[in-house]
Amino acid sequence: VKVTLIAGGVGGAKMAEGLYHLDNVALSIIGNIADDEAFHGLWVSPDIDTLTYTLSDVIDRDQGWGVADESHRTLETLSKLGDDTWMSLGDRDFGLHICRTHRRACGDRPTLIARDIAKSFGLTCDIVLPTDDTVQTRVRSDQGWLSFQEYFVKERCAPEVRELQYENIEKAQVTNEALEALGTADLIVIAPSNPLVSILPILKVPGVLEAIKASSAPKIGVSPIINGGVVKGPADRMLASLGYDATAFGVAQIYAGFLDGFVIDHADAQHVPAMRELGLNTHLDTILMKTREDKIRLAEQLLGLSGVLD
Ligand code: GDP
Ligand code: CA
């Protein structure tokens with residue numbers, strides 16, 4: 001069964017891990033590049049790296065990002081030399097950023113670089129970029145315009161978000177790899193990622209949403225909001241301050257135009273009637289994923305729901 005997952009970082013990687021460990025699934029993941037930013041002259045792609053590190057099992061499981069057993073000597077030197085070092089980048093992690101940056105400077109396509117990195121980490125699934133162009137989320141907050149990482153890491157999501165812009169997205173060209181992953185999928189899954197800063201910057205690359213709609217595969221989403229709150233991160237506050245309903249229902253509204261089904265937690269059962277009115281097949285489940293078993297179980301549920309195994 002060919003499954004194409006649209007995913008951000010930590011929440012996306014949890015869903016990816018479940019699907020990745022199912023025997024009968026050939027997985028392609030379209031990842032988010034709008035968090036990318038240059039640090040110390042190196043191109044850092046946090047969400048793509050979280051996918052690679054998680055699936056290759058080198059991830060720091062406590063943090064959910066970064067490499068386990070890391071040291072930070074490179075950052076110590078940079079700090080000593082006067083660089084700003086609020087973006088935590090480990091020594092092992094730096095190696096990857098050096099390779100990516102070097103290959104980009106040589107003119108290699110970012111999609112091929114991401115694919116080669118995934119291969120070098122031993123992955124048997126495809127990690128695909130939605131575009132080879134640079135698209136970056138910018139955040140207008142009560143402290144003015146911030147880059148995404150300034151908002152997310154430096155300011156620890158404290159500023160109130162008033163507007164989001166995905167810089168350059170209208171001009172971005174969708175990759176053939178992303179179109180192929182969507183066009184050949186038997187099942188398309190929207191991961192329980194932040195809808196506004198992880199999923200929308202993928203869907204809004206011209207051609208992506210059209211390809212999803214054109215696919216005859218079932219399309220199922222999983223809510224990143226459980227019991228009216230997030231597992232981690234600013235999604236609920238961001239939804240609220242931007243005028244969305246900060247609930248599983250609010251997320252469903254964003255996706256209702258193209259999804260067939262949406263999986264929400266038992267704790268959010270009160271939203272089922274409203275979701276059905278949106279035309280969404282709504283399924284209640286336990287959607288908090290702590291262990292690999294939790295992830296695999298939910299992934300199996302998605303396949304069952306979609307009927308692609310029948
Ligand atoms: P980021 O790029 O690292 O910020 O991660 P994502 O955008 O992929 O995911 C962030 C979202 O994942 C947050 O809104 C969390 O509520 C959600 N999330 C994290 N863990 C889980 C989980 O175990 N289950 C569900 N349903 N959502 C989760
Ligand atoms: Ca992210």
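This one's a predicted model, so the numbers in the text were calculated from it and none came from an experiment.

Chemist: I tried to follow the pattern of salt bridges on my own but got confused; where do I start?
Modeler: Oppositely charged side chains can form a pair if their charged atoms are brought close together. Applying the stated rule across the entire model yields 16 salt bridges. Residues arginine 61 and glutamate 17 are paired through a salt bridge, measuring 3.0 Å at the closest nitrogen-oxygen approach. On the criterion of sequence distance, the pair formed by arginine 61 in the loop between helix 2 (46-55) and helix 3 (73-80) and glutamate 17 in helix 1 (residues 10-20) is long-range, its members being 44 residues apart. In this structure, the salt-bridge partner of glutamate 163 is arginine 140, at a minimum N-O distance of 2.7 Å. Taken together, the residues span a long stretch of sequence, with glutamate 163 in strand 8 (residues 161-167) and arginine 140 in strand 6 (residues 136-141) at a distance of 23 residues. Because the salt bridges share partners, they merge into one network encompassing Glu17, Asp57, Arg61, Arg292 and Lys295.

Chemist: I keep staring at the site of ligand 1 and nothing clicks. Help me out?
Modeler: Around ligand 1 sit 22 residues in total, of which Ser193, Ser198, Pro224, Ile287 and Met289 are the nearest. Lysine 14 is positioned with one of its side-chain polar atoms (N or O) 2.9 Å from a nitrogen atom of ligand 1. One of the backbone N or O atoms of isoleucine 287 is found 2.7 Å from a nitrogen atom in ligand 1. For the shell around ligand 1, a count of residues per class yields 11 nonpolar, eight polar and three charged.

Chemist: Where do I start with the sheet that holds strand 1 (residues 2-7) in this structure?
Modeler: Pairing between the strands of a sheet comes from backbone hydrogen bonds, and it takes one of two forms, parallel or antiparallel. Reading across from one edge, 5-2-1-9-10-13-14 is the order of the seven strands in this open sheet, with parallel pairing throughout. Strands at the two margins of the open sheet, each flanked by one partner only, are strand 5 (126-128) and strand 14 (281-285). Across the sheet, the mean angle separating the axes of adjacent strands is 20° when strand polarity is ignored. The strands touched by helix 11 (residues 248-255) are strand 9 (187-190) and strand 13 (261-265); relative to strand 13, the strand with the most contacts, the crossing angle is about 165°.

Quick notes on the rules
Residues numbered from 1 in each chain as written. Chains lettered and ligands numbered in written order. Predicted model: local features only at pLDDT ≥ 70, side-chain atom pairs only at ≥ 80, totals over all residues. Heavy atoms only, no water. Salt bridge = Lys/Arg side-chain N within 4 Å of Asp/Glu carboxyl O. Helix = DSSP H or I, 4+ residues; strand = E, 2+ residues; numbered from the N terminus. Near = heavy atom within 4 Å. Polar contact = N/O pair within 3.5 Å; in protein donor to acceptor, adjacent residues only side chain to side chain. Nonpolar A, V, L, I, M, F, W, Y, C, P; charged D, E, K, R; others polar. Pairing = 2+ DSSP bridges. Axes fitted to C-alpha atoms, helices over the stretch in contact; angles between N-to-C directions. Contact = heavy atoms within 4.5 Å.

This is a description of form; function is not addressed.
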